[in-house]
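If you want the building blocks of each chain, they are given just below.
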Amino acid sequence: MESRFYSTAFATIAPYYDKLMSFVNYPGWVDHIEKIINLNNITEKRIFDLACGTGVCLELWSDRGYEVIGLDKSIDMLRVSKEKLLKKNGSLLVNGDMRNFKLGRKMPIITCLYDSLNYLLTEAELLYCFRRVYDALSDDGIFIFDMNTIHSLRDAWGNNGFQRRDEGLFSIWSNRFNPNNNISSLSITLHVRRNGEEMVLREFHQERGYPLMVIEELLRAAGFDCWLYRHLTFTPATEDDLRIMGVVKK
Ligand SMILES: C[S@@+](CC[C@H](N)C(=O)[O-])C[C@H]1O[C@@H](n2cnc3c(N)ncnc32)[C@H](O)[C@@H]1O
């Protein structure tokens, strides 16, 4: 007997997210971001990770002596974060929306990683988020994010599907790209065994790619100066990159 569950993004997938992302070199990402932090002479070890998900980076930062705050819209993702941070001092998790949050304190470092900003599907939403980041960032602080480019969603994800087998988990990924709005719609189907029962979990995700010029304009409209690089490099970003990294200051 098989049970089927359909949910919004980052609900049923949450307990399996870390396994599905096990190929991502998060420690390498954190190394690079720490290099940017040091190059910008930021010495205060406090970091606010927007859309922190299951807290992989929060845990890495905490292990490096940073006080961490994570915010995410999905309570299921935060539940996994909480397990990781249970024994860490000076950590805080907030259930909130990055388009509309008030932190009540200024932070010297704010991050938003692994496509999270692509989940904002209109320019207005992106601008709301950048404005909230502006309010939450210290005057000499730094905001570092990554985003998938249109090239990535259109040409790498495209209208393709693939299957993966991870330990105890079989997943089917299927993308559809809409060239009219640069939105990629992704259906993820997970086949898992829980308490001896076969379960099929399905989630529907959407990510939008934005021209680099638009990202820069929106950051400037929020009051920021910004530099866009090819992901994990200091090479200026182009539309031919798959993933870009923004380094942003007031
Ligand atoms: C691809 S995951 C990345 C998670 C984490 N940053 C990482 O590097 O693994 C995207 C995350 O963005 C969160 N998210 C999407 N829209 C959001 C919003 N409007 N406000 C807060 N979190 C949001 C999702 O719940 C999910 O945890």
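Preceding block: the structure.
Residues numbered from 1 in each chain as written. Predicted model: local features only at pLDDT ≥ 70, side-chain atom pairs only at ≥ 80, totals over all residues. Heavy atoms only, no water.

**Comments concerning the sheet that holds strand β5 (residues 107-112)**
Threshold: By the convention used here, strands pair only if DSSP detects at least 2 bridges between them. In this description a helix means any DSSP run of H or I spanning at least four residues, a strand means any run of E spanning at least two, and both kinds are numbered starting from the N terminus. Angles shown run from 0 to 180 degrees and are taken between the N-to-C directions of axes, each axis being a line fitted to C-alpha atoms and, for helices, limited to the stretch in contact. Here a residue-residue contact requires only that any non-hydrogen atoms of the pair lie within 4.5 Å.
With mixed pairing, the seven strands of this open sheet are ordered in space as β4-β3-β2-β5-β6-β12-β11. Only two strands of the sheet have a single partner each, and these edge strands are β4 (91-95) and β11 (225-230). Geometrically, the sheet is characterised by an average inter-axis angle of 15 degrees between neighbouring strands, direction not taken into account. In the sheet, strand β2 (residues 46-50) pairs with strand β3 (residues 67-72) via five bridges, with the strands oriented parallel. Bridge pairing in β3 links aspartate 49 to glycine 70. Strands in contact with helix α3 (residues 56-63) are β2, β3 and β4; relative to β3, the strand with the most contacts, it is inclined by about 170 degrees. Packed onto the sheet, helix α4 (residues 75-85) meets β3 and β4 and runs at close to 170 degrees relative to β4.

**Structural notes on the nonpolar core**
Condition: For the purposes of this section, nonpolar cores are sets of buried Ala, Val, Leu, Ile, Met, Phe, Trp, Tyr and Cys residues that join through side-chain atoms within 4.5 Å. The cut-offs for exposure are 20% and 50% of the maximum accessible area for each residue type, with area from a 1.4 Å probe on protein chains only; residues under the lower value are buried, those over the upper are exposed, and the others partly exposed. Residue ranges assigned to each domain were obtained from an automatic or database domain assignment.
Core analysis: the biggest nonpolar cluster contains 44 residues, and Leu20, Met21, Tyr26, Ile37, Trp61 and Leu190 have the highest contact counts within it. Looking at this core element by element, the count peaks at six residues for helix α2 (residues 26-39). Per-domain counts for this core show at least three residues from each of domain 1 (2-8 + 152-208) and domain 2 (14-148 + 210-249). Leu120, Phe130, Tyr210 and Ile244 belong to the second largest nonpolar core, which has 36 residues in total.

**Thoughts on the site of the ligand**
For clarity, the cut-off: Neighbouring residues are identified by heavy atoms, a residue being near a molecule or strand if any of them is within 4 Å of it. Any N or O atom pair separated by 3.5 Å or less is treated as a polar contact, with the protein-specific requirement of one donor-capable and one acceptor-capable atom, and with residues adjacent in sequence counted only for side-chain atom pairs. Residue-level accessible areas treat just the shown protein chains as cover; the underlying method is Shrake-Rupley with a 1.4 Å probe. Any residue outside Ala, Val, Leu, Ile, Met, Phe, Trp, Tyr, Cys, Pro, Asp, Glu, Lys and Arg is labelled polar, Gly included; the first ten of those are nonpolar and the last four are charged.
Surveying the vicinity of the ligand reveals 19 residues, the closest of which are Tyr26, Ala51, Asp72, Asp97 and Met98. Tyrosine 17 has a polar side-chain atom sitting 3.2 Å from an oxygen atom of the ligand. Aspartate 97 is positioned such that a nitrogen or oxygen atom in its side chain is 3.0 Å from a nitrogen atom of the ligand. When the free accessible area of the ligand is taken as 600 Å², the share hidden by the protein chains comes to 96%. For the shell around the ligand, a count of residues per class yields 11 nonpolar, four polar and four charged.

**What to know about the pattern of salt bridges**
Threshold: Each reported salt bridge corresponds to a side-chain nitrogen of Lys or Arg within 4 Å of a carboxyl oxygen of Asp or Glu.
Taken as a whole and judged by the stated rule, the model has 17 salt bridges. As a salt-bridge pair, glutamate 125 and arginine 99 come within 2.6 Å of each other at their nearest N and O atoms. Within this pair, whereas glutamate 125 is found in helix α5 (residues 123-136), its partner arginine 99 is found in the loop between β4 and β5, the two being separated by 26 residues in sequence. Residue class for arginine 99 comes out partly exposed when judged on its relative accessible area of 27%. For lysine 250, the salt bridge goes to aspartate 139, with nearest N and O atoms at 3.5 Å. Highlighted residues: lysine 250 in the segment after β12 (243-249) and aspartate 139 in strand β6 (residues 137-148), separated in sequence by 111 residues. The class of aspartate 139 is exposed, set by a relative accessible area of 65%.

**A word on the environment of tryptophan 61**
With respect to the secondary-structure elements, tryptophan 61 resides in helix α3. Looking at tryptophan 61, the relative accessible area reads 0%, which means it is buried. Separated by 16 residues in the primary sequence, tryptophan 61 and lysine 45 place their C-alpha atoms 9.1 Å from one another. Other than its neighbours up to four places away in sequence, tryptophan 61 contacts Val30, Ile33, Glu34, Ile37, Ile47, Tyr66 and Val68.

**Observations concerning helix α6 (residues 150-157)**
For α6, the full list of buried residues reads Ile150, Ser152 and Leu153. Tucked inside the fold, the buried residues of α6 contact β6, β8 (169-178), β9 (183-194) and β10 (197-208). Glycine 158, located one to two residues past α6, shows a positive phi value of around 50 degrees.

**What about the packing of α2 against α3?**
So the rule is basically this: Between 65 and 115 degrees an angle is taken as roughly perpendicular, under 35 as roughly parallel, over 145 as roughly antiparallel, and anywhere else as oblique. Handedness of a crossing is defined here by the sense of rotation of the near helix relative to the far one, left-handed for an anticlockwise turn of less than a right angle and right-handed for a clockwise turn.
With their axes 10 Å apart at the nearest point, α2 and α3 run at an angle of 55 degrees to one another. By the angle between their directions, the pair α2 and α3 is classed as oblique. Taken as a pair, α2 and α3 cross one another with a handedness that is right-handed. For the pair α2 and α3, contact is made by Tyr26, Pro27, Val30, Ile33, Glu34 and Ile37 and by Val56, Cys57, Leu60 and Trp61, respectively. Broken down by class, the residue content of the contact of α2 with α3 amounts to nine nonpolar, no polar and one charged.

**Thoughts on unusual backbone geometry**
In this structure, aspartate 115 takes a positive phi of about 70 degrees despite not being glycine. Along the chain, the position of aspartate 115 falls in the loop between β5 and α5. Classification of aspartate 115 by relative accessible area gives buried; the value is 5%.

This is a description of form; function is not addressed.
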